[in-house]
Amino acid sequence: MSYDPPRVAYFCMEYGLSETFPIYSGGLGVLAGDFMRSCKALDLPVVGVGLVWADGYTTQALSSKGFPEDHPTPLDRSVLIPEKPVVSVNVAGREVHLNIFRVEAFDNATLYLLEPVEARDRWITKRLYGGGKDDRVAQEILLGIGGVRALRALGVGVDVYHFNEGHALFAGLELLSEKRAQGFSFERAWETVRPHIVFTTHTPVDAGNEVHEIEHLQRMGATLNFKESELVRLGGDPFNMTAAALRLSTRANAVAELHGETARHMWRGVNDGAPINAITNGVDHRVWQDRNIANAFVTADDPAMLSAHDACKCALLSEIETRTSAILNPDLLLIGFARRATAYKRATLFFHDRLRAEALLDRGAQIVFAGKSHPKDSGGRELVHQLAELERIYPGQVVFIPNYDLHLGRLLTRGCDIWLNTPRRPLEACGTSGMKAAMNGVLNVSILDGWWPEGCEHGQNGWKIEAPGSDAYPSNKEGDEADARALYELLENEVLPAFADRPRWAKMMRGSIEMSRRFTSDRMVRDYFASLYTESSQKLAASAR
Ligand SMILES: *Cc1c(COP(=O)(O)O)cnc(C)c1O
């Protein structure tokens, strides 16, 4: 890049850098991990800020009755390099001292992680997204307020603060309070810090946009003695973390074009100062793309590409056999579905009409499921149970593999033949696993939600599941019905015949890999620097003039 890129501090609650370092839970963390690796690969001035999660995220197993059981996964602490400074934050009236660790072991840009010094304070970082409301606010105090103090103590220069999700919002309050300490009015402080803050919103699902009672935030020590009226101006009452992040930032982005439209509508009136643009997510091809597939694509060698794919499929099938003792047939179509177990993703849509699903299984379709539920989400647990039941009813044709993590994600997004995605539109903000599949020539069969409208050339590089007008149906029930019908017709009339035609399939794989080059995290990071970060630093330069 010809200009001096701004120095960025990236705040995120979770980082998916390695299955051996489980401080992540799902898509947000995996994205943050890929982001950090791309920043390193492109040599961009970015540091990450996060927390050391004591137990890491959970390891999932199935009970004999087919319900998920989640156990803590111990963290490999050998990659944590201690830094000298200790910082402190106030949590519910108690001074909590924080150690700072540096992590650079995963080809990532420097990541600073905070952890309470004293054992009695470690309840805060015990379990990612665990505990109750107090735990969540305490976690966010550590990330946001502790994070800014850590950067100061380390002497890290920062031009742009990137709040990846509203979890980091309290960093904005800390930046405001630094200005207040210099004698700025609230108004002036806001004007001064705002050009330095950018924000990414990640989900249109209500539960993903946190709201807290102001009184609760005050009691927890999150509000740094700002007046209630000032807090209300930022986040409303009750205090909405996403709204406050939008009001505090100079620019914001959504994670796909369609999500941009949804988010602009959802936050209209709130986002006037910080226009929500779309910067579509991407994934790190160095991690997610199989070497042999990549080579065969570059040399345009279709037979080599098909055999590389067959090798990935065999690796997956043997892992499935090891873990579940199910034996699938490598010559038959393998459908993959690995997603967080939550209702809007509709994991069981394929089985909406049992008879039609069975007819597809009889014609040789096999399906492999994976996905975790939040341990406290009874609906999600029930969904995992339903998937385990389907495995029992259709042995050798349907499999549920417990413990979806980065390792299993790699095997699945390389080794399936098609990658199924059936969210209720427009609730899937992006859906990056489909990009991983696409770059391995695993063909997407997906509702036109998240990133897929930008990638899909129907019948050329994958397929859209499209029931005319299904998102306008008056109820979920009717929408599900219509989408399921569209899925069956697609699989029966297009996907299975294409699968039987190897040259056609290879051509589509090539189309998919070609298309996936627009969905790398290197491209995403360049976009961040070209618009999100640089625009804000240019505004900065302009305001200094
Ligand atoms: C890529 C990935 C995700 C995110 O993918 P989605 O398509 O958003 O579900 C989640 N978990 C793991 C382990 C992944 O590898």
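Quick caveat, the model's predicted, so the values are computed rather than measured. (Residues numbered from 1 in each chain as written. Predicted model: local features only at pLDDT ≥ 70, side-chain atom pairs only at ≥ 80, totals over all residues. Heavy atoms only, no water.)

Trainee: Kindly report on the overall build of the protein, identifying the contributing residues and their values.
Mentor: From N to C terminus, the protein includes 19 helices and 21 strands. Judged by the C-alpha coordinates and their principal axes, the protein covers about 75 × 50 × 50 Å. Within the protein, the fraction of its 545 residues that count as buried is 60%. In the protein, of all internal contacts separated by at least 6 residues, the share reaching a separation of at least 24 is 73%. About 20,500 Å² of surface is accessible on the protein, with carbon and sulfur atoms providing 50% of the total. Placing the 60 positive and 70 negative side-chain charges of the protein at their respective mean positions leaves the two points 3 Å apart. (Helix = DSSP H or I, 4+ residues; strand = E, 2+ residues; numbered from the N terminus. Buried < 20%, exposed > 50% of the residue type's maximum accessible area, 1.4 Å probe, protein only. Contact = heavy atoms within 4.5 Å. Areas by Shrake-Rupley, 256 points an atom, 1.4 Å probe, with all protein chains shown as cover. Lys, Arg positive; Asp, Glu negative; His and termini not counted. Charge placed at Lys NZ, Arg CZ, Asp CG, Glu CD.)

Trainee: Got a sec to walk through the sheet that holds strand S20 (residues 443–447)? Specific residues and values, please.
Mentor: If you walk across this open sheet you meet the 6 strands as S18-S17-S16-S19-S20-S21, and the pairing is parallel. On the outer flanks of this sheet lie strand S18 (398–401) and strand S21 (462–465), each paired with one strand and no other. For this sheet the average axis-to-axis angle between neighbouring strands, irrespective of direction, equals 20 degrees. By the bridge criterion, 5 bridges tie strand S16 (residues 334–338) to strand S17 (residues 366–370) in an arrangement that is parallel. Residue Ile-335 lies in a different strand from S17, and its bridge partner there is Ile-367. Sitting on the sheet, helix H13 (residues 378–393) touches S17 and S18, and the angle it makes with S18 is about 140 degrees. (Pairing = 2+ DSSP bridges. Axes fitted to C-alpha atoms, helices over the stretch in contact; angles between N-to-C directions.)

Trainee: Residue-level account of the nonpolar core, with values.
Mentor: Judged by nonpolar contacts, the single largest core of 101 residues is most densely connected at Phe-35, Leu-151, Phe-170, Leu-176 and Tyr-533. Excluding anything up to four places from it in sequence, Leu-151 contacts Ala-9, Phe-11, Val-47, Val-49, Tyr-112, Val-156, Val-158 and Tyr-161. Judged by nonpolar contacts, the second largest core, of 51 residues, contains Leu-361, Leu-496, Ala-498 and Trp-505. (Core = buried A, V, L, I, M, F, W, Y, C linked by side-chain atoms within 4.5 Å.)

Trainee: Summarise the sheet that holds strand S14 (residues 251–254); cite the residues concerned and give the values.
Mentor: Pairing is mixed in the open sheet, where 9 strands are placed in the order S7-S8-S9-S4-S1-S10-S11-S14-S15. The open sheet terminates on both sides in strands that have one partner only, identified here as strand S7 (81–91) and strand S15 (276–278). The mean angle between the axes of side-by-side strands here comes to 25 degrees, regardless of whether they run parallel or antiparallel. Here 4 bridges tie strand S4 (residues 46–51) to strand S9 (residues 111–116), and the two strands are oriented parallel to one another. Note that in S9 the partner of Gly-50 across the bridge is Leu-113. Where helix H7 (residues 241–248) meets the sheet, its contacts fall on strand S11 (197–200), S14 and S15, and the angle it forms with S11 comes to roughly 140 degrees. Running at roughly 165 degrees to S15, helix H8 (residues 257–266) makes contact with S14 and S15 of the sheet.

Trainee: Go over the site of the ligand with me, naming the residues and quoting the values.
Mentor: Residues in close proximity to the ligand total 13 residues, the closest being Arg-339, Gly-431, Thr-432, Ser-433 and Lys-436. Within the side chain of Arg-339, a nitrogen or oxygen atom sits 3.1 Å from an oxygen atom of the ligand. Contact distances for the ligand include 2.6 Å between an oxygen atom and a side-chain N or O atom of Ser-433. A total of 380 Å² of accessible area belongs to the ligand in isolation, and the protein chains cover 92% of it. The residue makeup of the shell around the ligand, split by class, is 4 nonpolar, 5 polar and 4 charged. (Near = heavy atom within 4 Å. Polar contact = N/O pair within 3.5 Å; in protein donor to acceptor, adjacent residues only side chain to side chain. Nonpolar A, V, L, I, M, F, W, Y, C, P; charged D, E, K, R; others polar.)

Trainee: Got a sec to walk through the pairing of S7? Specific residues and values, please.
Mentor: As paired strands, S7 and strand S8 (residues 94–103) are joined by 8 bridges and run antiparallel to one another. When the sheet's bridge partners are listed, Val-89 is paired in S8 with Val-96. In sequence, S7 turns back onto S8 through a hairpin of 2 residues, with Ala-92 there showing a positive phi of about 50 degrees.

Trainee: Tell me about the packing of aromatic side chains, and please be specific about residues and values.
Mentor: In the structure shown here, the tally under the stated rule is 18 aromatic pairs. Both rings, one in Phe-186 and one in Phe-226, keep their centres 5.8 Å apart while their planes meet at 65 degrees; by these two values the pair is edge-to-face. Here Phe-226 lies in the loop between helix H5 (214–220) and helix H6 (228–235) and Phe-186 lies in helix H4 (residues 186–193), a separation of 40 residues in the sequence. Residues Phe-186 and Phe-226 agree in their burial class; the two are buried. Within the aromatic cluster, the residues linked to one another by ring pairs are Tyr-10, Tyr-15, Phe-35, Tyr-528, Phe-529 and Tyr-533. Arg-77 extends its terminal NZ or CZ atom over the ring of Phe-101, reaching a point 5.8 Å from the ring centre. The ring of Phe-184 has Lys-179 sitting right over it, with the charged end atom 5.8 Å from the ring centre. (Phe/Tyr/Trp six-rings, centres within 6.5 Å; stacked < 30°, edge-to-face > 60°. Lys NZ or Arg CZ within 6 Å of the ring centre and 35° of its normal.)

Trainee: Before we move on, can you summarise the side chain of Asn-281 with the specific residues and values?
Mentor: Looking at the secondary structure, you find Asn-281 in the loop between S15 and helix H9 (285–288). Overall, the relative accessible area of 5% leaves Asn-281 in the buried class. Apart from the residues lying within four places of it in its own chain, the contact partners of Asn-281 are Leu-31, Val-255, Cys-430, Thr-432, Met-435, Phe-519, Arg-523, Met-524 and Tyr-528.

Trainee: A description of the side chain of Asn-444 should follow, citing residues and the corresponding values.
Mentor: Counting through the fold element by element, Asn-444 comes out in strand S20. Look at Asn-444 and you get buried, because its relative accessible area is 1%. Among residues more than four places away in sequence, those in contact with Asn-444 are Trp-419, Gly-434, Ala-437, Ala-438, Trp-451, Trp-452, Gly-462 and Trp-463.

Trainee: Please give an account of the environment of Ala-168 that cites residues and values.
Mentor: You can see Ala-168 is positioned in the loop between strand S10 (160–164) and helix H3 (170–181). Between the C-alpha atoms of Ala-168 and Ile-145, which are 23 residues apart in sequence, the distance is 8.5 Å. Those residues in contact with Ala-168 that sit more than four places away from it in its chain are Phe-11, Leu-143, Gly-144 and Phe-163.

Trainee: Tell me what's going on with unusual backbone geometry, and back it up with residues and numbers.
Mentor: With an omega of 0 degrees, the peptide bond running from Asp-237 to Pro-238 counts as cis. Note that Pro-238 resides in the loop between H6 and strand S13 (239–240). For the bond from Arg-425 to Pro-426, the omega torsion is 0 degrees, close enough to zero to count as cis. Positionally, Pro-426 belongs in the loop between strand S19 (418–421) and helix H15 (433–439). We note that Tyr-129 has phi near 55 degrees; this positive angle belongs to a residue other than glycine. Within the secondary structure, Tyr-129 sits in the loop between S9 and helix H2 (133–154). Positioned with a positive phi, Leu-224 is a non-glycine residue whose angle comes to about 50 degrees. Tracing the chain through its elements places Leu-224 in the loop between H5 and H6. Given a relative accessible area of 15%, Leu-224 falls into the buried group.

This is a description of form; function is not addressed.
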